[in-house]
Amino acid sequence: MLPSLHVRTRPTSPGRNTVTTPPATEVSDVSELRQQLVEQLRADNHIRTAAVERAFRTVPRHVFAPDAALEAAYANDIVPTRHAPDGRVISSVSAPWLQADMLEAARMRPGHRVLEIGSGGYNAALMAELVGPAGHVTTLDIDPAVTERATRFLTKAGYGRVRVVTADAEHLPTSVVPDGGFDAIVVTVDTWDLPWIRALAEGGRLVAPLRLHGYHWAIGFSEVKGALHSDEPLIVCGFVAMQGDCAWETNRRTVPGTGVHLSWEDGTPLPVGQLAPALTREPTVTRTHVTVGGQEPFDALTLYLAGALPGFCRLEVDPDGDNGVLNPPPQHWPGAAIVRGASLARLATERISDGDDGKGLYEFVVHGYGDQGRLAAQEMAEQVEHWQRNHRGARCPVITARPAAGCAPAGTDHEPHVFAKKHTRITVDWPIVPGSAALLTDPGSCDAG
Ligand SMILES: C[S@@+](CC[C@H](N)C(=O)[O-])C[C@H]1O[C@@H](n2cnc3c(N)ncnc32)[C@H](O)[C@@H]1O
C-alpha cells in the first residue's frame, strides 16, 4: 500500500443516503449492538473514561438515524442524513470513534454548560449524559431541517431538556452564551477558523476539527487568558463542510491545460498560468533519504511543510483526466507543493523495499518542475530532512489560537508556522524530538533527473 494521508474515517465521502426500512428487531438486539460498539470503542482506546463509556452505553444511537438499518446505525462509521443537490453529504451522525475521542478531549463534568456546533441530536444527547441534570447543553445548526429533526429525536429519546438553536455559528447569538461563558464547546463541522474563544469560560475547553492548509485535525484546546492552547494529541479527521459565513475558501487554481489544481487555503494564492510549460517537462528528483513505512501516516510532515515553506499549496490532479502530466500522479490525497515563479516542487514517495513488515518502505523524494524546479525541490527536501532530524519523534505540535484583533496585523512576509485566519492567529510550535526512523545510510546521488 502506498503511503498516503492516514484518515480513519471520511465522513465527507459522497454517496446518496439509501433509505432503508429497519428490519423488525428485538429491543435486546439493539442494546446488544450498542454494547458491542462500546466494547470496540474501548478496545481501540477511543473511550477512555467511565463517564464517556456510560454515555455511549445509555444513548440509543438508532433513534437519531431512523432511516438507517440498525447495523448501520451501530457501525463505527458515519450515517449520512442530508445531502446537497449534487449528492455531497451536508449532515450526518458522526462516526462514533471520533465522537468518543472528541468528548474525551472536551473533559465535560456534571453541571457544565456546554455547546455543540453542528447538530443532529445524538452527540448532544451524549453531552447531556456527561453534564447530567445539573448541567446544560445547547446544540446549534445552520440548517432548520437538521434542527427540526434534532428536536424531534432528542424529545423521543428523552433528552427534551437539550436546547436546540438554528443559527450560523459564525454569528453565535449572545443570548445562547451563559453568564461567564461555556465550560466546553465541541465543534462537529469542518472549520477553518475558531471564532468562539470569547464564548468560553475561563479555563474552558474547545474541541474542533480545524483546517490548516486543507489538512483537518481534531484538536483539544484549553482557554488560558483569552487564548487557546492545545493539550491533547491531534487527530486526523474529516467532517462535513462548513456552510454560511464561516465557510472556507479553498482558493483553488487550475494550471491551464494540465488538469493540475493548486489550493492555497491559508496564505495568498500565487499565479499558476505560467506553470504550464514547466509541468510538461521531465522533473528533477531530489532524494531526502528519509523513509516512511507503507502504512505509516505522515500527516505531521505535511503540516510541518505547510508552516515552514512560503508559497506552500496542495496539489491534486483530475482523477479522470489522466493527461500524464505528473508521473507518477499524486495519490488520492492532495499532496504538498510549493510554487517558485514559473517553477514548482512537489513531495512524492518512491518504494525502495518491501520493508520489515512486507507493507513496503518508501523514501520521500521531491520532484522539481521548471528552470528553478531543482532549487525549489532542494528547499522542500531540506525541510523534510529538518523535520526528520528535529521533530519527527514529537507526538504532535502545540497549537495556539489567539484572537486576531489582539495580534499585530499579518504582514505580507511569510511567518513560519503561523496561519493567519479571519478571527484568529494560529501558531504551530514543533517540539524538538528527533525522529527515530532510520535515514537511508547510503546517500547515493543527491539529485537524479
Ligand atoms: C457532521 S454534522 C453534525 C453531527 C452531529 N453533531 C452528531 O450528532 O453526530 C455537521 C452539521 O454542521 C452543520 N453546519 C454547517 N455549517 C454550519 C454553520 N455555519 N453553523 C452551524 N452549523 C453548521 C450542518 O448543517 C450539519 O448538520
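Further up the page is the structure itself.
All values derive from a computational prediction rather than experimental measurement.

Visitor: Just checking my understanding: could you explain the overall build of the chain for this structure?
Guide: For the chain, the count of helices and strands is nine helices and 21 strands. Within the chain, the fraction of its 449 residues that count as buried is 55%. The contacts of the chain with a sequence gap of at least 6 include a subset with a gap of at least 24, amounting to 65%. Of the roughly 19,200 Å² of accessible surface on the chain, a fraction of 52% belongs to carbon and sulfur atoms.

Visitor: How should empty space enclosed by the protein be read in this particular structure?
Guide: Gaps left between atoms are located by rolling a probe of water-molecule size over the structure's atoms. As enumerated under the stated definition, the model contains four cavities of 30 Å³ or more in all. A volume near 340 Å³ is recorded for the largest cavity. Every residue lining the largest cavity is counted, 29 residues in all, and those nearest its centre are Gly118, Ser119, Asp141, Thr188 and Val189. Going through the elements one at a time, strand 2 (89-93), strand 3 (113-117), helix 5 (122-131) and strand 4 (136-141) are the ones with two or more residues in the lining of the largest cavity.

Visitor: What should I look at first to understand the pattern of salt bridges in this one?
Guide: If the charged atoms of two oppositely charged side chains come close together, the side chains can form a pair. Enumeration over the complete set of coordinates arrives at 26 salt bridges. For the salt bridge of Asp190 with Arg211, the shortest nitrogen-to-oxygen distance reads 2.6 Å. Residue Asp190 is located in the loop between strand 6 (182-187) and strand 7 (200-212), and its partner Arg211 is located in strand 7; the two are separated by 21 residues in the primary sequence. The same class applies to Asp190 and to Arg211, which are both buried.

Visitor: Could you clarify how one ought to interpret the pairing of strand 2 in this entry?
Guide: One face of the sheet, then the other: side chains in a regular strand alternate in exactly this way. Among the five residues that make up strand 2, five are buried, leaving the element largely enclosed by the rest of the structure. Of the strand pairs in this sheet, strand 1 (residues 79-83) and strand 2 are connected by four bridges, and their pairing is antiparallel. Following the sheet pairing, Pro80 is matched in strand 2 by Ser92. Linking strand 1 back to strand 2 in an antiparallel pair, the connection comprises five residues, with Gly87 at a positive phi of about 95°.

Visitor: It is not clear to me how the environment of Ile117 should be interpreted in this structure. Could you clarify?
Guide: Mapped onto the fold, Ile117 is located in strand 3. Using a relative accessible area of 1% as the deciding quantity, one classes Ile117 as buried. Spatially, the C-alpha atoms of Ile117 and Val189 are 7.1 Å apart, while their sequence positions differ by 72 residues. Not counting residues within four places of it along the chain, the set of residues in contact with Ile117 comprises Leu140, Ala169, Ile185, Val186, Val187, Thr188, Val189 and Trp196.

Visitor: For this particular structure, what's the right way to read the site of the ligand?
Guide: Around the ligand lies a shell of 27 residues, among which Ser91, Ser94, Glu116, Asp141 and Gln243 are the nearest. Contacts to the ligand include Glu116, whose side-chain N or O atom sits 2.7 Å from a nitrogen atom. Interatomic distance of 3.1 Å between a backbone N/O atom of Ile142 and a nitrogen atom of the ligand. Relative to its unbound accessible area of 610 Å², the ligand is 100% covered by the protein chains.

Visitor: Could you clarify how one ought to interpret the nonpolar core in this entry?
Guide: What tends to happen in soluble globular proteins is that the nonpolar side chains get buried as a cluster. One finds Ile185, Leu194, Trp196 and Leu305 to be the most contacted residues of the largest nonpolar core, which totals 63 residues. What Leu305 contacts, discounting residues up to four positions off in sequence, is Phe312, Ala336, Leu347, Met380, Gln383 and Val384. Within the second largest apolar cluster, 51 residues are counted, among which are Val63, Val137, Phe153 and Val186.

Visitor: Whenever I open this one, the packing of aromatic side chains confuses me. Can you help?
Guide: When we look at a pair of aromatic rings, we describe it by the centre distance and by the angle of the planes. Overall, the coordinates contain five aromatic pairs when judged by the stated rule. Ring plane angle 75° and centroid distance 6.4 Å describe the contact between Phe56 and Tyr122, whose orientation is recorded as edge-to-face. Note that Phe56 is positioned in helix 2 (residues 50-58) and Tyr122 in helix 5, a separation of 66 residues in sequence. For the residue pair Phe56 and Tyr122, the accessibility class agrees, reading buried in each case. Here the aromatic rings of Tyr304 and Trp430 are separated by 5.3 Å at their centres, their planes lie at 80°, and the arrangement is edge-to-face. Linking Tyr304 in helix 8 (residues 299-308) with Trp430 in the loop between strand 20 (424-429) and strand 21 (447-448), this pair joins segments that are 126 residues apart in sequence.

Visitor: Sorry if this is basic, but what is going on with helix 4 (residues 96-106) here?
Guide: Residues separated by three or four positions in an α-helix point in the same direction, a consequence of the helix having 3.6 residues per turn. For helix 4, the tally of buried residues reaches eleven of eleven residues, placing the bulk of the element in the interior. Taken together, the buried positions of helix 4 are Pro96, Trp97, Leu98, Gln99, Ala100, Asp101, Met102, Leu103, Glu104, Ala105 and Ala106. Among the residues trailing helix 4, Arg107 stands out with phi positive, at a value near 50°.

Visitor: I tried to follow helix 5 on my own but got confused; where do I start?
Guide: For helix 5, the buried fraction is high: nine of the ten residues fall into the buried class. Listed in full, the buried residues belonging to helix 5 are Tyr122, Asn123, Ala124, Ala125, Leu126, Met127, Ala128, Leu130 and Val131. The first or second residue beyond helix 5 is Gly132, which carries a positive phi of 70°.

The rules behind the values
- Residues numbered from 1 in each chain as written.
- Predicted model: local features only at pLDDT ≥ 70, side-chain atom pairs only at ≥ 80, totals over all residues.
- Heavy atoms only, no water.
- Helix = DSSP H or I, 4+ residues; strand = E, 2+ residues; numbered from the N terminus.
- Buried < 20%, exposed > 50% of the residue type's maximum accessible area, 1.4 Å probe, protein only.
- Contact = heavy atoms within 4.5 Å.
- Areas by Shrake-Rupley, 256 points an atom, 1.4 Å probe, with all protein chains shown as cover.
- 1 Å grid on protein atoms, 1.4 Å probe; cavity = no way out; pocket = protein on both sides within 12 Å on 5 of 7 lines; lining within 4 Å.
- Points joined across faces, edges and corners; volume = space filled by probe spheres on them.
- Salt bridge = Lys/Arg side-chain N within 4 Å of Asp/Glu carboxyl O.
- Pairing = 2+ DSSP bridges.
- Near = heavy atom within 4 Å.
- Polar contact = N/O pair within 3.5 Å; in protein donor to acceptor, adjacent residues only side chain to side chain.
- Core = buried A, V, L, I, M, F, W, Y, C linked by side-chain atoms within 4.5 Å.
- Phe/Tyr/Trp six-rings, centres within 6.5 Å; stacked < 30°, edge-to-face > 60°.

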